[in-house]
Amino acid sequence: MKINGIKSYLDSASTTKIDKSVFKTMLPYFEEYYGNASSKHDFGEKSKQAIENSRSQVSRIINSNKEDIIFTSGATEAINYGLKGFLEANYDKGNHIITVKTEHKAVLSTCNYLETKGYEVTYLNLDENGRILIEELRNSVKKTTALIVIMYVNNETGIIHPIKEIGAIAKEKNVTFFCDATQAIGKIPVNVENDNIDMLCFSGHKINGPKGIGVLYKRNDVELTPLIHGGNQENGNRSGTYNTPLIVGLGQACEIALRDLDKNTKKIETLKRHLFNKLDSTTSVIRIPTEGAVVPHISYIKIPKLESNIFIDKYKNIALSSGSACNSEVMEVSHVIKAMFPNDIYESNYLRISLDKYSTTDDIDFFIESLNKHLNLNHA
């Protein structure tokens, strides 16, 4: 069923439809098992048991200890907590941060804030495919470097950064490594032990789970100063009454995503081939990046004849993006494009098409039909 006239949903990197099984799993914790998980009576214990089960489900999708999982309101909070909390608790380890020019705005804005507090930030450059330059990273580490902050997968281009190499450098240099894995979880295997990741975050709504819930993973020996003080929940890491239904939903979403990873990947790769067969037969398209490992669900393309924001604004029954959804209130060129192609005069010709397990060939075909109509009308 199409909602509110939407004919084609191709914006799954922005958010996903909740899985029916996830929704069903959450319902009893609104209606029946509604006790406060911090209470010692049977109602509270039932909620607490469900939360701990979810913690185990979440830990399995990243191969961590369940005790190292902290529930947050989403990746943005986890990023703020991980960066600010680490630097405050570990001021003696240095005041230098290394990150990347194409990080999510949650990281870049937090780093900008930290610069006003006296921290030094190095913003790494990229190659023509949007990947970091490993030697530049290695050479940027100095005695005062406290944190390396690099995302697993870029949320606009879908490029996969060399996380294992980054983790190895961080371990060699005795620097803490924070990784935003929001676009990697449920799309490709993620293993914090193999990759030497010290802190990691992601959000539930990117993997067919509920909005308003996310995770900060931190190794047991990583010390953080809490952002939120109060009732000492989450072992003192994040105070506030547990949002049991959302936590339960996140756990179920992680379990399903891990179980169905191979099946969903095969489906999405088939849809992606269909998308590009259609695109290549109708218009001139440049794939970004042109080479390198990318996640299956994100396709970033450049269509030289297309003003992407005009197309998106005109065809509101098609859900896609010209970049990160978090920038949608401000119509400006994506910071990712600016960093990758600083001299590109066609900087408004980019589209992000993102798929998930609920995407269909009909979604793609309707988009292609509308795109062809738009291009023919504007270039007749």
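Note that the structure is a prediction, hence the values are computed from the model and not measured.

The rules behind the values
- Residues numbered from 1 in each chain as written.
- Predicted model: local features only at pLDDT ≥ 70, side-chain atom pairs only at ≥ 80, totals over all residues.
- Heavy atoms only, no water.
- Buried < 20%, exposed > 50% of the residue type's maximum accessible area, 1.4 Å probe, protein only.
- Helix = DSSP H or I, 4+ residues; strand = E, 2+ residues; numbered from the N terminus.
- Pairing = 2+ DSSP bridges.
- Axes fitted to C-alpha atoms, helices over the stretch in contact; angles between N-to-C directions.
- Contact = heavy atoms within 4.5 Å.
- Parallel < 35°, antiparallel > 145°, perpendicular 65-115°, else oblique.
- Left-handed = near helix turned anticlockwise from the far one by under 90°.
- Salt bridge = Lys/Arg side-chain N within 4 Å of Asp/Glu carboxyl O.

Draft legend 1. How the structure looks around the pairing of strand β7 (residues 199-203). Where burial is concerned, most of β7 is hidden: five out of the five residues are buried. Two strands pair when backbone bridges link them, and strand β6 (residues 176-180) and β7 are joined in this way by three bridges, in the parallel orientation. Paired with D180 across the bridge in β7 is C201.

Draft legend 2. Layout of the sheet that holds strand β10 (residues 298-302). With antiparallel pairing, the three strands of this open sheet are ordered in space as β9-β10-β12. Of all strands in the sheet, those bounded by a partner on one side alone are β9 (286-288) and β12 (350-354). Within this sheet the neighbouring strands show an average axis-to-axis angle of 35 degrees, counted without direction. Bridge count for β10 against β12 is five bridges, and the pairing is antiparallel. By the bridge assignment, Y300 is partnered in β12 with R352. The strands touched by helix α9 (residues 261-282) within the sheet are β9, β10 and β12, with β10 carrying the most contacts at an inclination of about 15 degrees.

Draft legend 3. Unusual backbone geometry, seen in detail. At the junction of I288 and P289, the peptide bond is cis and its omega measures out at 0 degrees in the coordinates. Of note, P289 is situated in the loop between β9 and β10. The phi torsion at N208 lies on the positive side, around 65 degrees, for a residue other than glycine. Relative to the assigned elements, N208 resides in the loop between β7 and β8 (214-218). Residue classification places N208 among the buried positions, given a relative accessible area of 8%.

Draft legend 4. Looking closely at the packing of helix α4 (residues 75-89) against helix α5 (residues 105-116). Two elements in contact, α4 and α5, have axes whose closest approach is 9 Å; the angle formed by their N-to-C orientations is 30 degrees. For the element pair α4 / α5, the angle class is roughly parallel. In this structure, the crossing between α4 and α5 has a hand that is right-handed. Residues T76, I79, N80, L83, K84 and L87 of α4 touch α5, and the partners they reach there are A106, V107, T110, C111, Y113 and L114.

Draft legend 5. Structural detail: the pattern of salt bridges. In total, this model carries 17 salt bridges according to the counting rule given. Close ionic contact of E52 with K48 constitutes a salt bridge, the shortest N to O distance being 3.6 Å. Placement of the pair is E52 and K48 together in helix α3 (residues 42-62), with a separation of four residues, close to one helical turn. Ionic pairing is found between E77 and R238, a salt bridge with its closest N-O pair at 2.5 Å. Of the two residues, E77 sits in helix α4 while R238 sits in the loop between β8 and α8 (244-259), which places them 161 residues apart along the sequence. Look at E77 and you get buried, because its relative accessible area is 15%. Overlapping salt bridges, with partners in common, bring together K48, E52, R55, K66 and E234 in one network.

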